[in-house]
There are 2 protein chains.
Amino acid sequence: MSFTQAELDYLGSQVLGRLATVAPDGTPQVSPTGFRYNAELGTIDIGGHNMARSKKFRNVAAGSRAAFVVDDIESTKPWKVRGVEVRGDAEALTGATAPAGLPGTPGEIIRIHPRRIVSWGLGESEPYRVNARSVASSRSVKTRNRRR
Amino acid sequence: MSFTQAELDYLGSQVLGRLATVAPDGTPQVSPTGFRYNAELGTIDIGGHNMARSKKFRNVAAGSRAAFVVDDIESTKPWKVRGVEVRGDAEALTGATAPAGLPGTPGEIIRIHPRRIVSWGLGESEPYRVNARSVASSRSVKTRNRRR
């Protein structure tokens, strides 16, 4: 299990995240997307209308890794933000079996295998806490603990 | 002028965006940040608490370009989303003069010079319209129209 229960609860409560990929020339791209946690694989599955024709899908197909952030402002007075960021290897898939309820063109998904998870502002904990750690990818057992 | 008035109005109405940068090993990173449009330079200026010690700042200092998206869900019934994405060259600056009101540690900013702007769902236009175009960077007059 890569995610904490607080992170899973939060991911399940949110509608959109923002996905970052990298074009072959090194330029990042970022856009809002629907998503679901894939409990069977431990991945974040990302869908969208005509996903397979999108720039983000082509970036991943060309070898880009991905980062995905889900966050919101819990309150403005006092200022409280919370969220989860995931970085990892990514797959651009067609004909995939995605979690129920994933929006977008059926079967066309970007699947992120978490290697690094950072979360903040989740749970009832005070003071404000950041939880950042490397995790074993579901696709490979090679951990990358050299990165903090 | 790179941005349309509708885009500037929208950017001025929103509190947070999400910034994507790329680590030297090619892994993207994405996180929520405060921002202001810098009208004098035509840039997006991004601030944050202890910005100069952040991973995004170090990524940009190491040569990463940046992408930044500001978006929200205008309504769920009917489903209406809107936003602006900017991609471009980026600078990691300390001691910078930033627009008034930019949150974060004073003077420590990431400054994005737009080269590509994509917006959607802005203005009163029907049907839903995407406005995507390359723009001349404020730092260089070399346009990159080869990218659609």
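Everything below is about the structure shown above.
Cut-offs used in this document
- By convention here, each chain's residues receive numbers from 1 onward along its written sequence.
- All chains are assigned letters beginning with A, and all ligands numbers beginning with 1, in the order in which they are written.
- Side-chain atom pairs in this predicted model are given and counted only at pLDDT of 80 or more, local residue features only at pLDDT of at least 70, and totals for whole chains, interfaces and linings cover all residues.
- As a rule here, side-chain values come from all non-hydrogen atoms in the structure, and water together with hydrogens is ignored.
- The contact rule is simple, with two residues in contact once any of their heavy atoms fall within 4.5 Å.
- Using a 1.4 Å probe, buried area is obtained as the accessible area two parts lose upon being combined, added over both of them.
- Between Lys or Arg on one side and Asp or Glu on the other, a salt bridge is scored when a side-chain nitrogen of the former is within 4 Å of a carboxyl oxygen of the latter.
- For this analysis, a polar contact is any N or O atom pair within 3.5 Å, provided that within protein one partner can donate a hydrogen and the other can accept it, and provided that sequence-adjacent residues contribute only side-chain to side-chain pairs.
- Each helix corresponds to a stretch of at least 4 residues labelled H or I by DSSP, and each strand to a stretch of at least 2 residues labelled E; elements are numbered beginning at the N terminus.
- Exposure categories follow from relative accessible area, calculated using a 1.4 Å probe and restricted to protein chains: below 20% of the type maximum is buried, above 50% is exposed, and the middle band is partly exposed.
- For two strands to count as paired, DSSP must find a minimum of two bridges between them.
- A least-squares superposition brings the copies together, and it is based on the C-alpha atoms of residues with pLDDT no lower than 70 in both.
- Relevant arc is that of directions from the helix axis to the C-beta atoms, nothing else.
- Aromatic rings from Phe, Tyr and Trp, taking only the six-membered ring of Trp, are treated as a pair when their centres fall within 6.5 Å; an angle between ring planes under 30 degrees marks them as stacked, one over 60 as edge-to-face, and anything in between as tilted.

Draft legend 1. Geometry of the interface of chain B and chain A. The interface is formed by 26 residues belonging to chain B together with 26 residues belonging to chain A. With both chains or domains summed, chain B and chain A bury close to 2300 Å², and 64% of this area falls on carbon and sulfur atoms. For the pair chain B and chain A, the number of links is four salt bridges. Ionic pairing is found between Arg18(B) and Asp71(A), a salt bridge with its closest N-O pair at 2.9 Å. Inspection of the region where chain B meets chain A yields seven residue pairs in polar contact (both at pLDDT 80 or more). Contributions of two or more residues to the side of chain B that touches chain A are made by strand 1 (16-22), strand 2 (28-38), strand 4 (66-75) and strand 5 (80-93) of chain B.

Draft legend 2. The arrangement of the pairing of strand 3 (residues 43-47) of chain A in detail. Residues and elements named next belong to chain A. Across the five residues of strand 3, five count as buried, placing the element largely inside the fold. Along strand 3, one buried face is formed by Thr43, Asp45 and Gly47 and the opposite face, lined by Ile44 and Ile46, is buried too. Of the pairings in the sheet, the one linking strand 2 (residues 28-38) to strand 3 comprises five bridges and is antiparallel in character. Bridged to asparagine 38 within strand 3 is threonine 43. Linking strand 2 to strand 3, which pair antiparallel, is a turn of four residues; within it glycine 42 sits at a positive phi near 75°. In terms of strand pairing, strand 3 meets strand 6 (residues 109-120) through three bridges, oriented antiparallel. By the bridge assignment for strand 6, aspartate 45 is matched with arginine 111.

Draft legend 3. The relation of the copies chain B and chain A, seen in detail. By a simple turn and slide, chain B fits onto chain A: the slide is 0.0 Å along the axis, the RMSD is 0.0 Å, and the turn is 180°. Viewed as a symmetry operation, the transformation between the two copies matches a two-fold axis. Identified as the residue of chain B closest to the rotation axis by C-alpha distance is Ala20(B), at 3.0 Å. Of the residues that chain B buries at the interface, 100% are likewise interface residues in chain A, meaning the two copies contact each other through the same surface.

Draft legend 4. Summary view of helix 1 (residues 5-13) of chain A. All names here are of chain A. For helix 1, every residue scored as buried is listed here: Glu7, Leu8, Tyr10 and Leu11. Taken end-on, helix 1 shows its buried residues confined to a sector of 165°, consistent with a single buried face. Exposed side of helix 1, more than 90 degrees from the buried face: Gln5 and Gly12 are the residues found there.

Draft legend 5. Structural detail: the packing of aromatic side chains. All names here are of chain B. The final tally for this structure, using the stated rule, is four aromatic pairs over all chains. Relative to phenylalanine 68, the ring of phenylalanine 35 lies with its centre 5.2 Å away and its plane at 65°, an arrangement referred to as edge-to-face. Placement of phenylalanine 35 in strand 2 and of phenylalanine 68 in strand 4 is noted, with a sequence separation of 33 residues between them. Considered together, phenylalanine 35 and phenylalanine 68 belong to a single accessibility category, that of buried residues.

Draft legend 6. Representation of the pattern of salt bridges in the model. Under the definition given, this model contains 20 salt bridges over all chains. For Glu74(A), the salt bridge is made with Arg82(A), and the minimal N-O distance between the two is 3.7 Å. Across the salt bridge formed by Arg82(B) and Asp72(B), the nearest N and O atoms sit 2.7 Å from each other. Pair noted here: Arg82(B) is in strand 5 and Asp72(B) is in strand 4, with a separation of ten residues, a long-range link. For Asp72(B), a relative accessible area of 17% gives the class buried.

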